[in-house]
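If you want the building blocks of each chain, they are given just below.
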Amino acid sequence: MAGAQTLQLVDGKGVFNAAGLEEFVKGIRLSECGLSYAVVAIMGPQSSGKSTLLNHLFGTRFVEMDAFKGRSQTTQGVWLARGAGIEPTTLVMDLEGTDGRERGEDDTAFEKQSSLFALAVSDIVLINMWCHDIGREQAANKPLLKTVFQVMMRLFTPRKTTLLFVIRDKTRTPIETLEPILREDIQKIWDTVPKPANHQHTPLSEFFNLQVTSLANYEEKEEQFMQQVGELRERFQNSIAPGGLAGDRRGAVPATGFPFSTQEIWRVIKENRDLDLPAHKVMVATVRCEEIAHEKLKGLVADEEWRALEARAKDDVVLGFGKSVNEVVEKYLNAYDVEAAFFDEGVRTSKRTFLMSNVLDVLQPSYASVIGHHRAKALSSFKASLDSGLDSNSGEGFASIVRRCSEAVLADFERGCADADVAHSGWDSTKAKEKLSRDVAAHAQTKRTEKLNQLVAKFENDLEASIGEPTASLLDAAAPDTWSAISQLMEQEVDDATSRLSDAIVGFEPSKEEEAKIRQHLSKYGRGVVEKKSKEEASQAIIRMKERFTSVFGHEADSMPRIWGEDHDVRAITRDARASSLKLLSVLAAVRLDEGTQKNNAIESSLKPLIGDGPETGLQRTLSRAVSTGNNTTLAKTQSSALHALSLSTWPGVAANDTLISPVQCKSIWRQFTAETEYTISQAMAAQEAAKRNKSWLPPPWAMMAMVVLGFNEFMALLRNPLYLVLIFILYLVGKALFVQLDISREFEHGVVPGLISVSTKLLPTVMNLLKKLAEEGQGVGSGTQNNTNRTNGTDRDRHREMDDMATGQSSVSNEPQANGNLRQRQPALAS
Ligand SMILES: Nc1nc2c(ncn2[C@@H]2O[C@H](COP(=O)(O)OP(=O)(O)OP(=O)(O)O)[C@@H](O)[C@H]2O)c(=O)[nH]1
């Protein structure tokens, strides 16, 4: 039924074709028109040639009644088409006739509804009327006009719609005569229409712009009709321009809101409610602006440029982020502005704000991500520049490097934030900057602590070296002022170290408290080194004591090895050696860095009675007797009470944590020491006895005389036969060799019987060995090599040395290493 550009907007049953309208609007691209479009509607009696007029006037294709079928209703509901060749875009609405017989009296309601709809939507309403009805009381258009004026009151605000009365089938009466009569008729009708109180005195001209035109009979004077229609058509060109047919129109709805607006108007009309056009306009603006805002937001979210920015922002800093984002946002805001330009300003602005807020919601995560990347980058840049500053050894202080680097990265970060700034967002990077500052400060603090610790550790190592070994050496010397010397050494080294450390930490700009704390730590550390070294030495007290004992016992005053002779007083030497070891024990017993000498003397005095203590060995008993048989008989009592004091676990006047070896432990160590050194003493005594024996190897003079007298014949026989001499010499050599090989003097050190037994067991193997050596030497004589000579020389040298040993009577006891070896071998056995 409809042509290509014709739409049944409201059907005969009053159903609004919203989907069709959307399609229609899209098809004619109405949304691009803004406010530059006009809406024209036609009202009038049924079959009064409305459709015919519109089709000729606007080039539309509304269905016309077939002239040969008689006058009956052809148009039902409301139809819509676009006027062809009319600028600006003109929408034309053909309404159902107002007095149609087909609908009967009940349909008057639809007449009212469609009339109200046409008045609310249109800028120009054509009132089609027969020329012969003008001035007639029963004219067909009178009820129509009444209806128009009545419903107009329900629009609240006049739109200043142009009512163009088109007088059809114009007679010979000139229009100039007809028009006043028509206006008079219209005024009469207006006056009779009941009005609300606020419009009681409102003139008709306030609501309508009345225009009148006439047309010749289309059926009879078609040519004239066509000419007049052509002239009338010209009046619709630029109809909305000032002075045009709709130049005075008010409250036009922007083109993009037209479909929604018309639909809403029809809905309100159908619900038989009053149509508040201003409120409707705001409502349409609200809905449409919101739609446009959503549309633009959707466009931005899907925008390729934005999506690329968003993807990059996730991974890294995006240079020029703010600028790029602003360009994208600007594009969509401008589009919104263009589309929403003709809607109510208040609504438009508020929805723009709403759009911007939603846009910012979309942008915010990416912005936050970019700022986060800038922050992370700034922090790592700070770390790198700090490390490089510290490694450069430029002489710049730590605090100064930190200041320089942090200022640089914070400035960089601020530039990054400015670069990422999104216009109108109001986003503040202060918090991010504060967090960066905190992170930078935390890292600097960590680094500072690390560097300070390294520095302090270096000084600790220095102290360890400068105090540790000297302390050990001083303790080993066990002089009377050992502890005051150690204390002095410690203070001196700590003072030196703290002074150097103070210079070294200047660059860290430490507070006075911090510096004092570091100095205190170093001082404490120095003391700790002494204590540690002392503990180490104390743990080896028994070894040190034995070394000391061996050293004193086995060496003369001039440090030469002692060769035990008859004139040596073993007891006195033993007492001296033990006293020396006891002194060492007293030094190692406790740390005495404060008033060391006094405490040292007190401990030494407490330990002195131990000289008489020890296991009840033969030697010990001898030594005890030596002490107890002295002139002072009260010595034993004094020693007894002193020994009781040695049963305590701490030294008087010495703090528990300064105690290295408790009195009880001292007692135990001493007991072990005396037991383990006993063998050395007995060895010395044995050596002394042997020396005595060696000295008296010649027979008595009477025996020598007897030998001369009784052996005179043998002596003479020897003189007569020198071969005996050679034989004797050979026997001497063999005997001497056996003497050396068997180490006869040593074997007999422990008595004659053990010596004989030992020598008898070794004799045969030694003789065999000697013979073997002689045989080997006999074979080697012919070759006469240098090696043999050397070996012989070597053997001679050994022999000479052995003979020298025999001559000097040096014993194994005087050989210190051997003695120590024997001592060590026997320690476990003694201890057990
Ligand atoms: N007398 C006269 N008849 C006309 C004129 N114009 C059209 N007609 C005839 O009137 C009849 C109805 O024409 P339409 O244009 O269909 O009239 P309408 O008002 O649109 O009819 P509905 O849509 O049914 O209300 C047709 O037979 C036309 O030829 C005219 O100017 N004068």
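What counts, and where the lines are drawn
- Per chain, residues are indexed from 1 in the order of the written sequence.
- Totals for whole chains, interfaces and linings use all residues, but because this is a predicted model, local features are given only for residues with pLDDT of at least 70 and pairs of side-chain atoms are given and counted only at 80 or more.
- Partly exposed residues are those whose C-beta has more than 12 but fewer than 20 other C-beta atoms within 10 Å; with 20 or more the residue is buried, with 12 or fewer it is exposed, and the C-beta atoms are placed from the backbone.
- Put simply, DSSP H or I for four residues or longer makes a helix, DSSP E for two residues or longer makes a strand, and each gets a number counted from the N terminus.
- The contact rule is simple: place each C-beta atom from the backbone, and if two of them lie within 7 Å, those residues are in contact.
- Whether two strands pair depends on DSSP finding at least two bridges between them.
- UniProt positions are given in the numbering used here, feature names are shortened, and annotations may be inferred rather than shown by experiment.
- All axes are obtained by fitting lines to C-alpha atoms, using only the stretch in contact for helices, and the reported angles, taken between N-to-C directions, cover 0 to 180 degrees.
- Here the word oblique covers every angle except those under 35 degrees (roughly parallel), over 145 (roughly antiparallel) and from 65 to 115 (roughly perpendicular).
- Left-handed describes a crossing in which the near helix is turned anticlockwise from the far one by less than a right angle; the clockwise case is right-handed.
- Any residue that is not Ala, Val, Leu, Ile, Met, Phe, Trp, Tyr, Cys, Pro, Asp, Glu, Lys or Arg is counted as polar, Gly included; the first ten are nonpolar and the last four charged.
- On a scale of 0 to 100, pLDDT captures the predictor's confidence in every residue.

A. A look at helix α2 (residues 50-58). With nine of nine residues buried, α2 is to be regarded as a mostly interior element. Of the residues making up α2, those classed as buried are Lys50, Ser51, Thr52, Leu53, Leu54, Asn55, His56, Leu57 and Phe58. Contacts from the buried residues of α2 go to β2 (37-43), β4 (89-95), β5 (124-130), β6 (161-168) and α7 (222-235). Looking one or two residues past α2, Gly59 carries a phi angle of roughly 70°, positive in sign.

B. Quick look at the pairing of β6. Counting buried positions over the eight residues of β6 gives eight, a clear majority of the element. The two faces of β6 match: Thr161, Leu163, Phe165 and Ile167 on one face and Thr162, Leu164, Val166 and Arg168 on the other face are all buried. Pairing between β5 and β6: seven bridges, direction parallel. In the sheet register, Leu126 faces β6, and the bridge partner there is Leu164. By the bridge criterion, seven bridges tie β6 to strand β7 (residues 208-214) in an arrangement that is parallel.

C. Examining the UniProt feature "transmembrane region" (unreviewed entry) in the protein chain more closely. The sites that UniProt annotates as "transmembrane region" (unreviewed entry) are residues 723-742. The annotated region residues 723-742 carries 100% helix and 0% strand content, and the separation between its end C-alpha atoms amounts to 28 Å.

D. Local environment of the packing of helix α17 (residues 541-554) against helix α18 (residues 570-588). Where α17 meets α18, the closest approach of the two axes is 8 Å, and the angle between their N-to-C directions is 150°. By the criterion of interaxial angle, the relationship of α17 to α18 is roughly antiparallel. Crossing angle aside, the handedness with which α17 passes α18 is right-handed. Taken together, the residues of α18 that come into contact with α17 (itself represented by Ala541, Arg544, Met545, Arg548, Phe549, Val552 and Phe553) are Ile573, Thr574, Asp576, Ala577, Arg578, Ser580, Ser581, Leu584, Leu585 and Leu588. Tallied by class, residues from the contact of α17 with α18 come to ten nonpolar, three polar and four charged.

E. Molecular detail of the confidence of the model for the protein chain. Residues of the protein chain with pLDDT of at least 70 account for 84%, and the chain-wide mean is 81. Taken together, the stretch residues 613-628 has pLDDT below 50 and engages in 25 contacts with residues farther than four places along the chain or on a different chain. pLDDT under 50 marks residues 782-832. Its contacts with residues more than four places away, or in other chains, come to 40 contacts. Per the prediction output, this complex has pTM 0.60; the corresponding ipTM is 0.96.

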